[in-house]
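Below are the chains, spelled out letter by letter.
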Amino acid sequence: MIRWMDCIFFWVYLYGAHVTSWKNEQGEELLFVSSKAIFKPSKPIRGGIPICFPQFSNMGSLEAHGFARNRVWTIDTDPPPLPPNVTNGVFVDLLLKPTEEDLKIWPHSFEYRLRVALGPSGDLMLTSRIRNTNTDGKAFTFTFAYHTYFSVSDISEVRVEGLETFDYLDNLKNRERYTEQGDAITFESEVDKIYLSTPTKIAILDHEKKRTFVVRKDGLPDAVVWNPWDKKAKAMADFGDDEYKHMLCVEAAAIEKPITLKPGEEWKVRQELSAVPSSYFSGQLDPSKVLQSS
């Protein structure tokens, strides 16, 4: 557990470099983790922030969402230095390198460095650096996502803003391409969409809690929005039947255009999460200040 001040903290496991808790000053849990989550090796943890690498979903020959979330990481004893003028409240650096078994299923050498940081205002930041360390001169290609599960009061009272008018691939319709038509994304049934070339900021507005999550992302052009709804929730052994009502995944990702790294090249991306009070009037939450602020 990494703590900042008295109440603000996050919890990260070496297994999967998996953040499973992020609390604010009031001690409220901001991430969703299923009550049926399995905390044993070989099974990914249902909830928190799983890391999807080197493959998103089933878009390749590996297990769904790749193997990074199912491996034991180590503490990085020689992390990259903080950039000038960057102040992180507290942070931890983790490192993943492929095992011999990994190289059999994905024959590429890499170093994946992850910094999980908590800012002075309670913002949660994840910075990923992935480097090709192949010695055979070969490049490799991958897809990626921070599969963040947000805790919400009631999914039917939640709306996502910032993705309207953008194209998406609908995973429920064989990834056919559509354009988002509404002025916001609301939820009345299962949703599983990959939004393409999206803005750097997305707002998740929770009507009942009058709270807005803001996702800021750097280097991650796509965004996945997912809620399994009732039928799929009941089909998942590590997910409560009614827990879909209290979670929403909004995932900063690089999917449509896979990333290719030549030997020696490094890819660096960042996600920052914040939770702020929402203004509420005329039956709608107003995210304009959130989306327009820096």
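Notes on the structure follow. (Residues numbered from 1 in each chain as written. Predicted model: local features only at pLDDT ≥ 70, side-chain atom pairs only at ≥ 80, totals over all residues. Heavy atoms only, no water.)

Considering the overall build of the chain
Scanning the chain from N- to C-terminus turns up three helices and 21 strands. Evaluated residue by residue, the chain yields a buried proportion of 53% over its 294 residues. In the chain, the share of contacts with a sequence separation of at least 24, taken over all contacts with a separation of at least 6, comes to 66%. About 13500 Å² of surface is accessible on the chain, with carbon and sulfur atoms providing 50% of the total. (Helix = DSSP H or I, 4+ residues; strand = E, 2+ residues; numbered from the N terminus. Buried < 20%, exposed > 50% of the residue type's maximum accessible area, 1.4 Å probe, protein only. Contact = heavy atoms within 4.5 Å. Areas by Shrake-Rupley, 256 points an atom, 1.4 Å probe, with all protein chains shown as cover.)

Remarks on the pairing of strand β7 (residues 110-118)
Taken across its nine residues, β7 has nine buried, putting it largely inside the fold. Burial of the side chains of β7 extends over both faces: Phe110, Tyr112, Leu114, Val116 and Leu118 are buried on one face and Glu111, Arg113, Arg115 and Ala117 on the other. Bridge count between strand β6 (residues 90-96) and β7: seven bridges; the pairing is antiparallel. In the strand pairing of β7, Val90 is matched with Leu118. Between β7 and strand β8 (residues 124-132), which follow one another and run antiparallel, lie five residues, and Gly122 among them has a positive phi close to 95 degrees. (Pairing = 2+ DSSP bridges.)

As for the side chain of Thr198
If you trace the backbone, Thr198 turns up in the loop between β14 (191-195) and β15 (201-206). The class of Thr198 is buried, set by a relative accessible area of 11%. Contacts of Thr198, omitting those with residues within four sequence positions, involve Leu163, Phe166, Lys217, Pro221, Asp222 and Ala223.

Comments concerning the pattern of salt bridges
One pass over the structure, following the stated rule, counts 16 salt bridges. Here Asp102 makes a salt bridge to Arg71, at a shortest N to O gap of 2.7 Å. In this pair, Asp102 sits in helix α1 (residues 100-105) while Arg71 sits in the loop between β4 (51-52) and β5 (74-75), placing the two residues 31 residues apart along the sequence. Comparing Asp102 with Arg71, the two get one shared label, buried. Taking the shortest distance from any N to any O, the salt bridge between Asp76 and Arg113 comes out at 2.6 Å. Here Asp76 is found in the loop between β5 and β6, whereas its partner Arg113 is found in strand β7, with 37 residues between them in sequence. (Salt bridge = Lys/Arg side-chain N within 4 Å of Asp/Glu carboxyl O.)

Some details on the nonpolar core
Tyr112, Phe144 and Tyr146 are the most contacted members of the largest nonpolar core, which totals 68 residues. Looking at which element gives the most residues to this core, the answer is strand β18 (residues 247-261), with eight residues. Grouped together as the second largest cluster of nonpolar side chains are nine residues, Phe56, Leu169, Ile194 and Ala253 included. (Core = buried A, V, L, I, M, F, W, Y, C linked by side-chain atoms within 4.5 Å.)

Considering unusual backbone geometry
Here the amide bond leading from Phe53 into Pro54 is cis, since omega sits at 0 degrees, within 30 degrees of zero. Within the secondary structure, Pro54 is located in the loop between β4 and β5. The phi angle at Ser197 is positive, at roughly 50 degrees, despite the residue not being glycine. Examined against the element boundaries, Ser197 turns out to sit in the loop between β14 and β15.

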